[in-house]
Amino acid sequence: MSEGVKTIQVIDSHTAGEPTRVVVDGMPTNPGATPAEWRDFLQSDHDWLRTAVACEPRGHEAMVGAFLVEPTQPDAVAGVVFFNNIGYLHGCIHGTIGVTVTLAHLGRLAAGDNKIETPTGIVTVQPPVEGWVTVQNVRSYRHAAAVPVEVPGWGTVHGDVAWGGNWFFLIEAGDMIVVDFSNLDRLTDFTCAVRKALEANGITGEDGGEIDHIEVFGPPANDEADSKNFVLCPGREFDRSPCGTGTSAKLACLHADGKLHPGQTWRQAGILDTIFEGAVQEAPEGGVVPTVKGHAFVTAESELIIHPADPFRHGIVYSR
């Protein structure tokens with residue numbers, strides 16, 4: 001190996017079509033740090049790791065990454081920090097499912113419940129069963145219902161503001177737009193316009209939380225699902241999966257409307273018609289504790305090479 005060359009060990013997977021790249025070796029040291037402290041440390045001092053892993057030429061706009069870190073709680077199996085091509089994510093359930101199949105691949109899961117620390121709190125996972133992973137998410141809740149926003153070119157759009165591990169604006173498509181893979185460009189233009197309108201009108205989540213995910217719902221392609229969504233993620237990229245934090249936000253809204261009760265299952269299809277199954281428990285402080293089940297596969301083990309002479313060793317970063 002040439003002098004100055006660094007290597008990063010990663011394991012790739014996909015959850016219902018959405019990629020997760022887990023960094024398992026090659027991290028700096030940060031003893032005793034919580035996932036939230038790790039996120040701040042990486043963002044301020046080592047953000048090149050994120051861009052090298054998630055951005056071109058090694059990554060791409062749909063890539064979601066996860067830094068695997070040591071847990072601070074003795075009953076947790078791992079800590080994790082999620083990121084993508086433009087920054088860091090609060091939570092990520094499709095990514096948690098990807099982390100779970102990766103931990104199973106590494107032989108690091110016990111039977112039964114396994115706790116994983118994230119910047120938003122503890123999530124609990126169970127070992128994969130034929131590729132299916134069940135995740136109990138953090139408390140999710142609706143912050144505001146039927147919020148109107150004037151969207152240039154589209155008129156007044158109404159949506160719910162809800163937390164599912166990230167902040168979402170959830171819209172029922174109705175006759176406004178078709179939620180289908182063949183309509184990706186128009187769905188992307190619409191949801192980007194909604195997000196800009198939310199920012200322009202100062203519409204946020206609780207305590208000014210940025211609404212960085214827009215979720216649009218339409219009818220499913222068949223009776224295997226109850227609904228079909230399109231989810232705009234940060235970075236103008238859409239979620240290939242049904243989106244786990246988005247499904248959690250949807251479950252919270254359904255429960256708030258009296259349309260979903262404990263013991264019932266909601267089957268959420270994504271834009272590829274892959275499905276997450278969701279259920280809720282009522283949270284004592286209000287809202288729900290969602291459980292989301294999805295399918296994932298490990299696809300690769302790789303060693304990323306960071307060569308000091310490579311002009312794109314830290315990735316190609318586009319201004320946005």
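Residues numbered from 1 in each chain as written. Predicted model: local features only at pLDDT ≥ 70, side-chain atom pairs only at ≥ 80, totals over all residues. Heavy atoms only, no water.

## Quick look at the pairing of strand β10 (residues 155-163)
For a regular strand, side-chain orientation follows a simple rule: the groups alternate between the two sheet faces. In the sheet, strand β9 (residues 141-151) pairs with β10 via eight bridges, with the strands oriented antiparallel. Opposite R142, over in β10, you have A162 as the bridge partner. Here β9 folds back onto β10 in antiparallel fashion, the turn holding three residues, of which G153 has a positive phi close to 85 degrees. When β10 meets strand β11 (residues 167-172), the two strands line up antiparallel, connected through four bridges. (Pairing = 2+ DSSP bridges. Helix = DSSP H or I, 4+ residues; strand = E, 2+ residues; numbered from the N terminus.)

## With respect to the environment of E150
Structurally, E150 can be placed in strand β9. According to the relative accessible area criterion, E150 is partly exposed, its value standing at 48%. Only 2.6 Å separates the side chain of E150 from the side chain of T156, close enough to count as a polar contact. (Buried < 20%, exposed > 50% of the residue type's maximum accessible area, 1.4 Å probe, protein only. Polar contact = N/O pair within 3.5 Å; in protein donor to acceptor, adjacent residues only side chain to side chain.)

## A closer look at helix α5 (residues 244-256)
Between the first and last C-alpha of α5 there are 18 Å, a value that for 13 residues agrees with the 18 Å anticipated at 1.5 Å per step. Where burial is concerned, most of α5 is hidden: 12 out of the 13 residues are buried. All buried positions along α5 are accounted for by G244, T245, G246, T247, S248, A249, K250, L251, A252, C253, L254 and H255. Positive phi appears at G258, one or two residues downstream of α5, with a value of about 75 degrees. (Expected span 1.5 Å × (residues − 1).)

## Digging into the pairing of strand β6 (residues 114-118)
Burial analysis of β6 places four of its five residues in the buried class, the great majority of the element. Both strand β4 (residues 76-83) and β6 contribute to a ladder of three bridges, which runs parallel. Within β6, the position partnered with A76 by the bridge is K115. In this sheet, strand β7 (residues 121-125) lies alongside β6 in antiparallel orientation, the contact comprising five bridges. Counted as the bridge partner of T118 is G121 from β7. The hairpin formed by β6 and β7 contains two residues between the paired strands.

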